[in-house]
Every structure is written in structure tokens, then in C-alpha cells.
Amino acid sequence: MTLQNDLKSELVSHLVVSGFSQVAAGTPVRNTLARMRADRQVVCLVVDGDMSAAVRLVGIFTERDVMRKVIDVPGMLDRPVEEVMTPDPITIGPDASAADALRLMDENHVRNLPVVDRSGRLLGIMAHQAIIQFLADRYPVEVLNRPIDPEQFPRKAEGG
Amino acid sequence: MSTAATEEITLTRKDFISDQTVRWCPGCGDYSILAQMQRILPETGVAKEKTVFISGIGCSSRFPYYMNTYGIHSIHGRAPALATGLAIANPELSIWVITGDGDGLSIGGNHLLHAIRRNVNLNIVLFNNRIYGLTKGQYSPTSRPGTVTKSSPMGSVEQPLNPIAVALAAEATFVARSIDSHPQHLAAILERTAEHQGASFLEIYQNCVIFNPNEWTELSDRRNRDDSILYLEHGKHMIFGKNRDKGIRLNGFTPEVVSLDEVDLDEILVHDATSRPLASILGSMEFPDYPAAMGVIRDVRKPDYGGEMMAQVETAQAQRGAGDLNQLYLAADLWTVEEREEAEEREITPVASDLDEMPITGLDEEYIDEMEKPAEVLSEFQDLLVTSTLAELEPKVPITMGKRSSLARTIRQMNRHNIGCVVVTDEEDRLVGIFTEWDVLNRVAGLVDDLAQQTITDYMTPDPLTLKSDLPIAQALNLMSIHGFRHLPLVDDSGHPTGIVSFRDVVGYLNEALEEE
């Protein structure tokens with residue numbers, strides 16, 4: 001049994017995918033950052049169209065982009081998010097296998113794959129965290145049930 | 001009031017970890033429960049000093065040692081009795097009772113019933129592994145008929161107790177169930193248990209890895225657990241299955257599992273945590289005939305015992321004035337006991353020296369044999385998780401920043417090396433903090449005007465959890481899964497950073513491991 005075998009039989013929709021922030025195209029970078037901070041999310045999806053009705057995914061903006069394109073570029077905070085997002089991100093469907101998702105991430109060197117169903121609904125973000133969580137749940141005896149601090153020794157006798 | 005008393009202190013998981021070595025067997029489900037408890041308690045906002053863990057006897061009852069709160073490791077089965085007294089005398093405390101299927105349902109069955117019936121403001125958590133673990137594997141009050149153990153070599157002939165049904169019979173105002181192997185669910189349900197006012201009863205299916213390791217396999221196996229568990233949500237349809245294609249319908253008084261392909265959604269039961277009859281039905285659904293109901297089965301609000309009792313005391317005092325204990329003593333018949341003059345001195349036999357000479361035999365060796373028994377053959381992958389060390393991931397050497405470095409310089413370094421995380425060190429190169437992309441997004445970008453004027457120390461996460469590189473990969477997975485840490489720094493014995501591992505490193509390594517062979 002390898003991890004590959006495990007992940008082939010596991011669909012993306014069966015994993016605990018990460019959440020995301022969402023802003024409309026045209027939102028200034030400053031407000032986008034505020035949104036992400038409020039939501040405590042490292043990924044923001046940029047969408048086109050009415051927020052309530054059907055939306056179209058036009059880009060993805062992540063903490064990586066903050067580092068590369070925002071933090072030391074003067075004036076960038078007041079520019080629209082389109083200028084710093086990655087347009088037309090690679091996405092994956094909920095019915096794809098986890099193994100396929102991981103391969104797609106590796107091949108394209110991306111850390112976050114938006115999960116989008118056939119009707120265009122944004123369901124979450126596939127990231128390595130989902131695999132970590134899968135492993136913990138799949139092998140609880142080995143992973144979850146470990147001493148909290150394997151190197152801890154008591155200063156005094158138990159109960160003393 | 002002094003500033004110290006009014007200052008708000010944010011607690012973290014670390015604050016709830018005691019200095020005691022955890023002595024459960026490796027792989028015991030208790031570890032997962034302890035980790036989740038230490039994770040959720042800071043979020044409940046209750047001070048450590050206002051939190052008490054009271055236990056009886058058993059493996060689970062070692063819990064108070066491992067929580068850095070007040071605690072009492074009490075008498076077998078009597079934790080609910082002690083906790084009741086404590087709750088009445090100190091209504092401001094948050095009191096957890098930690099018990100097991102033996103301690104709670106056999107030895108202390110009566111105490112448990114009455115604490116629940118009285119609706120004492122307690123959080124009662126019963127670890128159910130359907131075996132006596134501490135005494136090395138006898139059948140317990142929840143063992144299934146036919147269970148072969150040392151005390152039932154031909155199989156148990158007893159009908160087991162259903163803990164949920166027991167709690168409901170005592171009219172528990174809060175009844176819930178979760179499982180050790182599903183940490184997110186467990187954390188959420190522990191939080192709900194803590195929130196409820198009155199007696200909260202939570203049953204946790206817990207794996208005894210040594211004496212009853214296969215009890216919950218169908219419910220804990222990640223690959224098919226969603227077909228075996230019905231996750232309850234108040235107001236939502238009872239739908240389950242990995243593909244959410246099955247539901248629970250009521251046929252007369254009997255629940256039945258139906259396929260959603262054949263049955264309309266409006267025939268499917270909707271969970272109502274305030275319904276007493278529905279709680280009984282859910283409690284009666286035993287796996288494998290039904291999926292096991294997990295989540296909050298019942299949640300209603302009723303006056304709690306301590307509050308009601310203190311209200312009566314106040315009423316009595318208002319009507320008749322505060323009592324006088326001395327007067328009460330003198331109110332009844334009094335007599336004096338004369339000292340007997342010819343009382344003989346009893347001879348005291350020396351006990352301690354006898355004990356010293358008693359040979360230590362029997363049970364400990366038996367336990368060691370059980371532990372050392374060749375385990376069931378693990379898959380190669382499971383073996384890899386526990387035997388491969390973090391050093392085998394060949395962790396990247398971290399970029400280190402002195403703790404007086406400016407934000408500007410730190411961010412320049414991160415971008416130059418194209419990395420998302422640096423470690424921060426003191427004058428002696430010991431690790432004192434970690435600074436990541438998330439910190440830039442969360443605390444710096446658009447919030448700090450002059451990056452050159454700010455030092456990294458004010459923006460980093462101080463004293464992060466660290467690991468040593470000779471620990472197994474599973475240890476990193478444990479911390480990453482419980483806390484969502486995306487980067488874990490590795491340090492040597494003197495606290496100098498030696499490496500850093502990320503989600504991606506671990507997943508990448510495991511994904512390729514064994515494939516090439």
C-alpha cells in the first residue's frame with residue numbers, strides 16, 4: 001500500500017478542502033488584504049459578475065503574491081487586484097481523485113487549486129493541507145495518537 | 001482592581017499542557033482526545049484557574065495529570081460525586097469529569113446517573129473502548145455479547161449498556177457522541193459540550209490499541225467511515241454516506257436506512273436536538289445495523305442543580321436569616337463520651353518493612369508481554385510513517401534572521417531565496433521565533449508604513465513548536481494535522497535551528513515513497 005494507492009480511490013469531494021476569501025474584480029489590493037485578514041484565509045478568489053448570482057472565476061490571489069508583488073512595490077495597495085492576481089487559475093472538479101489533484105499541483109507548481117463543480121460553483125481550495133488531514137484520519141494509530149511532546153520528562157513525581 | 005487582574009490574557013494550547021510524561025500506550029486513542037481538549041480549551045475563553053478535571057480510575061482517568069489545570073484523580077467511579085460537590089460550592093468553575101466505560105458505567109454507574117439526573121453543571125466525557133484497559137483486558141459493561149477476553153474466555157454472555165441510552169434515561173439535557181479518530185468532529189463536539197449549561201454527557205468511541213484494537217475499525221477507517229457514521233446537525237436532514245446518497249426514514253417507530261435514489265428528501269428525518277423521542281431513536285441505532293449517530297443528539301436547557309439549590313438557600317436565608325452552625329450543633333440532644341481509663345495500647349505491626357520485601361511479580365510482566373507481542377503486520381506505508389525520521393525528508397536548511405533584523409531586510413531575504421518562512425534566532429543562534437508569509441499578509445502588508453523601522457521580533461510568532469530531526473515523520477504529521485502548522489522548524493539539542501519542513505515536503509516525500517521500489 002502506498003499513498004498513491006490511497007489517494008487514487010479518494011475523491012477531492014471526500015477531502016476536507018480549505019476555505020477561501022472572495023472579492024469582485026476591480027477591488028483594490030488594500031481591501032482584498034483586509035478581506036483575507038478578516039476571513040483568516042491565505043487564498044482569495046477573484047470573481048467577475050454579481051456576487052449573489054452566478055460568478056465567474058477570473059483569478060487567484062495568495063499570500064505568495066503578497067510577498068512577490070505587493071509588499072515592496074510602492075503604490076500597489078491602491079491598484080485593482082487584477083494587476084497582482086494570477087489570471088485564469090488551473091482548477092479541479094470535485095469528482096477528480098486526490099492523486100490527480102496532487103499531480104496537477106506538482107506539475108504546475110501551484111500550492112492551491114480552486115475546486116469548481118460543473119455548474120461553476122466554487123467549493124473550496126485543494127491544498128497540501130487536505131492530504132495531511134487525510135493521512136491523520138486514515139492512519140490515526142500512527143499519526144493522531146502520538147505523545148504530545150515526545151521529549152517531555154516530568155520535573156516532579158506524578159501527582160506530587 | 002489592579003491592572004494585572006483586568007488585563008486580558010490570551011491562552012494557547014501550550015498553557016494547558018502539563019509537565020507530566022504521558023503514560024498511555026503508544027497509539028492509544030486517549031492521545032487524540034487529549035490533544036483536542038488542549039486545543040479547544042483556549043477557545044472557550046475559560047481561565048486555567050477556573051478549569052478542573054476530575055476523574056476516577058482507569059486509563060482515561062489519568063487525564064488530569066496531563067492538563068495544566070486543577071484536577072483530582074479521585075476514587076473509582078466517584079468522580080461525578082466529587083464533581084457535584086465542587087460544582088455546587090464553586091459555581092464559577094468549569095468542571096470536566098473524565099471517565100470510561102468501566103469507571104463510569106460499572107463501578108460508578110450510580111453516581112453517573114444521579115449527576116446527570118440532577119443536571120449538575122458538569123461536562124462529563126466518557127471514553128468508551130468497551131474493555132478494561134488498565135487492568136489488562138477484561139470485558140466491560142459495554143463489551144458486546146460474545147467478546148472473548150481474559151475474564152470471558154468463552155465469550156461474554158452479558159447484555160451491554162448503551163451509554164447514550166443510559167444518559168437519556170437519566171433525562172440528560174445534553175447528549176453527544178464522537179470518535180477519537182475524527183479530530184475535527186471531536187474538537188467541534190468538545191466545544192459544544194463545554195458550552196452547554198447543566199450536565200453535558202459526551203460519549204467518545206476510543207480505541208484501546210493493546211487490548212481491543214479492532215472495536216471501532218469500521219467507524220474509524222477513513223476510507224469508509226462516512227458510510228458508517230451519521231453526522232447529526234440540528235435542523236438538517238439525516239443524510240449520510242461517502243457520496244451522501246443514503247438517509248434515515250422512520251417506518252412506524254423504527255428507523256430505516258433508505259437510498260436517496262429511491263426515496264424523496266421530504267421523507268427523510270430532520271434532526272431536532274430538542275426532541276426527546278428522537279434522541280431515544282438515535283441512541284438506539286446500533287452499528288452495524290444502522291450508521292452510528294455522531295454529533296449532538298440532544299441539547300435542551302433546564303435549570304441546573306447548583307443554581308436551583310442556591311436559590312433555595314437564598315430564599316430560606318431571606319425568610320429566616322443566615323444560619324448559625326454552632327446553634328445547629330447545640331439544637332439537638334447532647335451527650336458526653338467519657339474517656340475509658342483502662343484503654344489498652346494496641347500493638348502496631350510493622351508493615352512498611354514487609355512491603356519492601358514483597359517480590360514484584362505477575363501483572364507487570366503480563367503487560368510487558370502484551371506490549372511486546374508482535375503487532376499486527378503494518379502496511380509498508382504505516383511502517384514508513386513511524387520509522388522514517390524527519391532527517392530522511394532532507395529538510396531544507398532554514399534561512400535565519402537575527403532577532404533585531406528589520407522587517408524590510410527579512411522580507412528582502414525571503415524574496416531573494418523565494419521562501420515562505422524564515423526562523424528568527426537570538427545572539428546564541430537559538431531559535432526564538434518563526435516568521436511566515438501569513439504574518440506578512442496578516443500583520444504587515446498595508447499596515448506597516450516603514451518596513452525598515454520595524455524589527456522582526458514584534459511580528460514573528462514567538463516560541464514556535466519545534467521538533468528534532470530524529471523523530472518519526474508521523475510526529476510532524478501529528479502537529480500539522482492538529483494545529484494546521486504549515487511549517488515546522490527542526491532544532492538540535494541546544495535549540496539551534498537545523499531545518500524546516502512544510503506540508504509540501506511531507507506530502508511530496510510520502511507520495512513518492514515506496515513508489516520507486
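Only a predicted model underlies this, so the values are computations on that prediction, with no experimental measurement involved.

### Observations regarding the overall build of chain B
For chain B, the helix and strand inventory stands at 20 helices and 17 strands. Dimensions along the principal axes, computed over C-alpha positions, put chain B at roughly 90 × 70 × 60 Å. Across the 517 residues in chain B, those meeting the buried criterion constitute 42%. Summarising the internal contacts of chain B: among those between residues at least 6 apart in sequence, 65% fall at separations of at least 24.

### Details of the pairing of strand β4 (residues 123-128) of chain B
Residue and element names in this part refer to chain B. The element β4 is largely enclosed, with a buried count of 6 among its 6 residues. Alternating positions in β4 separate into two faces, N123, V125 and F127 on one and I124, L126 and N128 on the other, with burial throughout. Examined bridge by bridge, strand β3 (residues 94-100) and β4 share 5 bridges and lie parallel to one another. When the sheet's bridge partners are listed, V97 is paired in β4 with I124. As paired strands, β4 and strand β6 (residues 200-205) are joined by 6 bridges and run parallel to one another. The partner of N128 across the bridge, within β6, is Y205.

### Remarks on helix α11 (residues 276-284) of chain B
All buried positions along α11 of chain B are accounted for by L278, A279, L282 and G283 of chain B. One side of α11 of chain B carries all its buried residues, which in axial view fall inside an arc of 135 degrees.

### Let's talk about the domain arrangement of chain B
Residues and elements named next belong to chain B. Domain annotation of chain B identifies domain 1 (11-235 + 271-305), domain 2 (237-270) and domain 3 (385-512). Look at where the C-alpha atoms of domain 1 and domain 2 centre, and you get two points 28 Å apart. Contact with domain 1, which involves 13 residues of that partner, is made by 8 residues of domain 2. Among the elements that make up the side of domain 1 that touches domain 2, the one with the highest residue count is strand β7 (residues 229-231) (3 residues).

### Focus on helix α3 (residues 63-70) of chain A
Restricting attention to buried positions, one finds in α3 of chain A the residues E63, D65, V66, M67 and V70 of chain A. Contacts from the buried residues of α3 of chain A go to α2 (29-39) and β3 (56-62) of chain A together with α17 (407-417) and α18 (437-444) of chain B.

### Here's the deal with the interface of chain B and chain A
At the interface, 57 residues of chain B touch 50 residues of chain A. Of all the secondary-structure elements, those providing two or more residues to the side of chain B that touches chain A are α2 (29-44), α8 (183-195), α16 (380-387), α17, α18, α19 (473-483) and α20 (503-512) of chain B. Across the side of chain B that touches chain A, the residue classes tally to 28 nonpolar, 20 polar and 9 charged.

### Let's talk about the confidence of the model for chain B
Per-residue confidence for chain B averages 90 on the pLDDT scale, and 91% of its residues sit at or above 70. The ipTM value of the predicted complex is 0.91, and its pTM value is 0.80.

### What to know about the packing of helix α4 (residues 79-89) of chain B against helix α6 (residues 109-117) of chain B
Residue and element names in this part refer to chain B. Axis separation between α4 and α6 bottoms out at 7 Å; the angle between their running directions is 35 degrees. Two secondary-structure elements touch here, α4 through P80, A81, A83 and T84 and α6 through H111, L112 and A115. Each residue belonging to the contact of α4 with α6 can be placed in one class, and the counts come to 5 nonpolar, 2 polar and no charged.

### Section: the sheet that holds strand β12 (residues 400-402) of chain B
Residues and elements named next belong to chain B. Taking strand neighbours across the sheet as the criterion, the 4 strands line up as β12-β13-β14-β15 in an open arrangement whose pairing is mixed. A strand with exactly one partner marks an edge of an open sheet, and here the two such strands are β12 and β15 (461-462). Taken together, the 2 bridges between strand β14 (residues 431-436) and β15 define a ladder with antiparallel strand orientation. By the bridge assignment for β15, I434 is matched with T461. Across the sheet, α17 is in contact with β12, β13 (421-425) and β14; its angle to β13 comes to roughly 135 degrees.

### What about the sheet that holds strand β1 (residues 21-24) of chain A?
Remark on secondary structure: sheet strands pair via backbone hydrogen bonds, oriented parallel or antiparallel. All names here are of chain A. As summarised here, the arrangement of the 4 strands in space is β1-β2-β3-β4, forming an open sheet in which the pairing is mixed. Either end of the sheet is taken by a strand with one partner, and the two such strands are β1 and β4 (86-87). Across 2 bridges, β3 lies against β4 in antiparallel orientation. Within the sheet, the bridge partner assigned to I60 lies in β4 and is T86.

### Remarks on the domain arrangement of chain A
All names here are of chain A. Along its sequence, chain A is organised into domain 1 (1-17 + 93-145) and domain 2 (19-89). The distance between the C-alpha centroids of domain 1 and domain 2 comes to 24 Å. Contact with domain 1, which involves 7 residues of that partner, is made by 10 residues of domain 2. By residue class, the composition of the side of domain 1 that touches domain 2 is 4 nonpolar, 3 polar and no charged.

### Describing the nonpolar core
By size, the foremost hydrophobic cluster in this structure holds 164 residues, and its most contacted members are M126 of chain A together with V97, V175, I297, L477 and V506 of chain B. For this core, the leading source of residues is α2 of chain B, giving 7 residues. Those residues in contact with V175 of chain B that lie beyond four places of it in its chain are I164, A167, L168, F201, A279, I297 and R298 of chain B.

### Digging into the environment of R177 of chain B
All names here are of chain B. If you trace the backbone, R177 turns up in strand β5 (residues 174-179). Residues R177 and D15 lie 162 residues apart in sequence; the distance between their C-alpha atoms is 27 Å. Setting aside anything within four residues of it in sequence, one finds R177 in contact with I164, E203, A293, M294 and I297.

Cut-offs and rules
- Residues numbered from 1 in each chain as written.
- Chains lettered and ligands numbered in written order.
- Predicted model: local features only at pLDDT ≥ 70, side-chain atom pairs only at ≥ 80, totals over all residues.
- Helix = DSSP H or I, 4+ residues; strand = E, 2+ residues; numbered from the N terminus.
- Buried ≥ 20, exposed ≤ 12 C-beta atoms within 10 Å, placed from the backbone.
- Contact = placed C-beta atoms within 7 Å.
- Pairing = 2+ DSSP bridges.
- Arc of directions from axis to C-beta.
- Domains from an automatic or database assignment.
- Nonpolar A, V, L, I, M, F, W, Y, C, P; charged D, E, K, R; others polar.
- pLDDT = per-residue confidence, 0-100.
- Axes fitted to C-alpha atoms, helices over the stretch in contact; angles between N-to-C directions.
- Core = buried A, V, L, I, M, F, W, Y, C linked by C-beta atoms within 7 Å.

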